[in-house]
Amino acid sequence: MTNNMEELEEMRHHIALLKEKIDSQEIVNEQLLRQTMKQKVGTIDRTGRFCYGATILCFLIYPLLLKTGVLSVPLSITTCAIVLFCALATYYIHRPVNRTDLMTADLVTVAHVMNKFKKQYDNWLHYVAPTLLIPWLSWVLYEMGWKNAPEGTNPLFLVLPPLVGALIGGLIGYSYHRKAVNAAKDIIDQING
């Protein structure tokens, strides 16, 4: 009987040790998950900082273009207003991500914040960006190619540089968009997986 009691006590001790190991392993796994999420949020933060840097650059360049007479006053003001609107929208979309403490927030809240971020970024790309950029780019092309073109100059040669610039800028912007959305998607997949 004492032999059975000793075996039973030893089994309880082994079960307690096993439970302790499992608990510590779950804590380590959750810490690794949160560290990975923190790295992904760093990618999202870089996207926001890039947008703010582009805003500052725009506010430095467009007054110079205005002084040279390349662009009209209304177009320069409209451009700066659009860029400011985009920077404010970036701040609004990024704010919940920046306010969420990934190390302490529950994973359901983090997943919700990332889903909302991803949806807002995709909506911006598919709806807001074309609504703003197509009329703006048309206006720029008109002013540079036809309105302000020197006499006898082929307008197509004058609209080529802004078109190439728009293409390059669009590709860079899309690249940053994909990085931010993919980082949010990776966080969501890690939480769900």
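Right above here is the structure, for reference.
In this report, the structure presented in the accompanying data block is examined. (Residues numbered from 1 in each chain as written. Predicted model: local features only at pLDDT ≥ 70, side-chain atom pairs only at ≥ 80, totals over all residues. Heavy atoms only, no water.)

## Concerning the packing of helix α3 (residues 107–147) against helix α4 (residues 155–192)
The interhelical angle for the contact between α3 and α4, taken along N-to-C directions, is 175°, at an axis separation of 10 Å. As summarised for this structure, α3 and α4 are arranged roughly antiparallel, according to the angle between their axes. Of the residues belonging to the contact of α3 with α4, the class tally is 25 nonpolar, three polar and four charged. (Axes fitted to C-alpha atoms, helices over the stretch in contact; angles between N-to-C directions. Helix = DSSP H or I, 4+ residues; strand = E, 2+ residues; numbered from the N terminus. Parallel < 35°, antiparallel > 145°, perpendicular 65-115°, else oblique. Nonpolar A, V, L, I, M, F, W, Y, C, P; charged D, E, K, R; others polar.)

## Here's the deal with the nonpolar core
With 20 residues, the main nonpolar core has Ile-44, Val-97, Val-110, Met-114, Phe-117 and Ile-187 as its most contacted residues. When contributions to this core are tallied by element, the ones reaching two or more residues are α1 (2–68), α2 (73–99), α3 and α4. Per element, the largest residue contribution to this core is seven residues, and it comes from α4. If near-sequence neighbours (up to four positions away) are discounted, Met-114 is found in contact with Val-41, Ile-44, Val-97, Ala-184, Ile-187 and Ile-188. Membership of the second largest hydrophobic core comes to nine residues, among which are Tyr-62, Leu-75, Cys-80 and Ile-82. (Core = buried A, V, L, I, M, F, W, Y, C linked by side-chain atoms within 4.5 Å. Buried < 20%, exposed > 50% of the residue type's maximum accessible area, 1.4 Å probe, protein only. Contact = heavy atoms within 4.5 Å.)

## Quick word on the packing of aromatic side chains
Evaluated as defined, the whole model comprises three aromatic pairs. In this structure, Lys-179 is placed above the aromatic ring of Tyr-176, and the distance from its NZ or CZ to the ring centre is 5.1 Å. (Phe/Tyr/Trp six-rings, centres within 6.5 Å; stacked < 30°, edge-to-face > 60°. Lys NZ or Arg CZ within 6 Å of the ring centre and 35° of its normal.)

## Examining the side chain of Thr-79
Along the chain, Thr-79 turns up in helix α2. Its relative accessible area of 3% is what places Thr-79 among the buried residues. Not counting the four nearest positions on each side in its chain, Thr-79 is found in contact with Cys-58, Tyr-62 and Trp-136.

Keep in mind these values describe shape, not function.
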